[in-house]
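# Architecture and fold: a report
This is what each chain is made of:
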Amino acid sequence: SLPVMRRFEIAGFYDVGNVVADLGALRWADVSHTVGVGLRIKTPFGPIRLSYGINLNLSAQLRSIGYKPGHFFLTIGPPF
């Protein structure tokens, strides 16, 4: 992350992963790749993060049912 002001940071990210019921069924083609940027605000109660991510390989099947590649995310507290 890059400090902007005393309590504010900007962060870029790259995320990869998927959720499957059976690990043996996982294929590399099913793994999602997402890039994005976010604003981090340090508070006495923990960080607040506002991020925007774009799925780089959203499947045609998910697009056909209305999924969009870009999404905003609001997270309060530590990432994990």
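First, a word on scope: everything that follows refers to the structure included in this document. Every value quoted in this text rests on a predicted model; they were computed, and no experiment measured them.

Thresholds, definitions, all that
- Residues numbered from 1 in each chain as written.
- Predicted model: local features only at pLDDT ≥ 70, side-chain atom pairs only at ≥ 80, totals over all residues.
- Heavy atoms only, no water.
- Phe/Tyr/Trp six-rings, centres within 6.5 Å; stacked < 30°, edge-to-face > 60°.
- Helix = DSSP H or I, 4+ residues; strand = E, 2+ residues; numbered from the N terminus.
- Buried < 20%, exposed > 50% of the residue type's maximum accessible area, 1.4 Å probe, protein only.
- Salt bridge = Lys/Arg side-chain N within 4 Å of Asp/Glu carboxyl O.
- Pairing = 2+ DSSP bridges.
- Contact = heavy atoms within 4.5 Å.
- Polar contact = N/O pair within 3.5 Å; in protein donor to acceptor, adjacent residues only side chain to side chain.
- 1 Å grid on protein atoms, 1.4 Å probe; cavity = no way out; pocket = protein on both sides within 12 Å on 5 of 7 lines; lining within 4 Å.
- Points joined across faces, edges and corners; volume = space filled by probe spheres on them.
- Nonpolar A, V, L, I, M, F, W, Y, C, P; charged D, E, K, R; others polar.

## Some details on the packing of aromatic side chains
Across all of its chains, the model carries one aromatic pair by this definition. Ring geometry for Tyr52 versus Phe72: centroids 4.7 Å apart, planes at 55°, classification tilted. Taken as a pair, Tyr52 in strand S4 (residues 48–55) and Phe72 in strand S5 (residues 70–76) lie far apart in primary sequence, 20 residues in all. On the accessibility criterion, Tyr52 (30% relative accessible area) is partly exposed.

## With respect to the pattern of salt bridges
Opposite charge on two side chains makes pairing possible when the charged atoms of those side chains draw close. Following the criterion strictly, the structure yields two salt bridges and no others. One salt bridge connects Lys42 with Glu9, and the closest N-O pair in it is separated by 3.2 Å. With Lys42 in the loop between strand S3 (32–41) and S4 and Glu9 in strand S2 (residues 8–17), this pair connects stretches of sequence that are 33 residues apart. Here Arg27 and Asp30 are joined by a salt bridge, their closest N and O atoms 2.9 Å apart.

## Here's the deal with the pairing of S2
Pairing analysis gives three bridges linking strand S1 (residues 2–5) to S2, with the strands arranged antiparallel. Of the residues in S2, the one forming a bridge with Met5 is Phe8. Between the antiparallel neighbours S1 and S2 lie two residues. Of the pairings in the sheet, the one linking S2 to S3 comprises ten bridges and is antiparallel in character.

## Observations regarding the side chain of Thr34
Structurally, Thr34 can be placed in strand S3. Setting aside anything within four residues of it in sequence, one finds Thr34 in contact with Phe13, Tyr14, Asp15, Gly53, Ile54, Asn55 and Leu56.

## Regarding the side chain of Glu9
Look at Glu9 and you get buried, because its relative accessible area is 16%. Of note is the side chain of Glu9, whose polar atom sits 3.2 Å from the side chain of Lys42. Setting aside its immediate chain neighbours within four residues, Glu9 contacts Ser1, Leu2, Pro3, Val4, Gly38, Leu39, Arg40 and Lys42.

## Notes on the layout of surface pockets
The computed volume of the largest pocket comes to approximately 800 Å³. As for the largest pocket, its lining consists of 31 residues, and the residues nearest its centre are Asp15, Ser32, Thr34, Asn55 and Phe73. Those elements giving two or more residues to the lining of the largest pocket turn out to be S2, S3, S4, helix H1 (60–64) and S5. Its residues assigned to classes, the lining of the largest pocket shows 13 nonpolar, 13 polar and five charged.

Keep in mind these numbers describe shape, not what the thing actually does.
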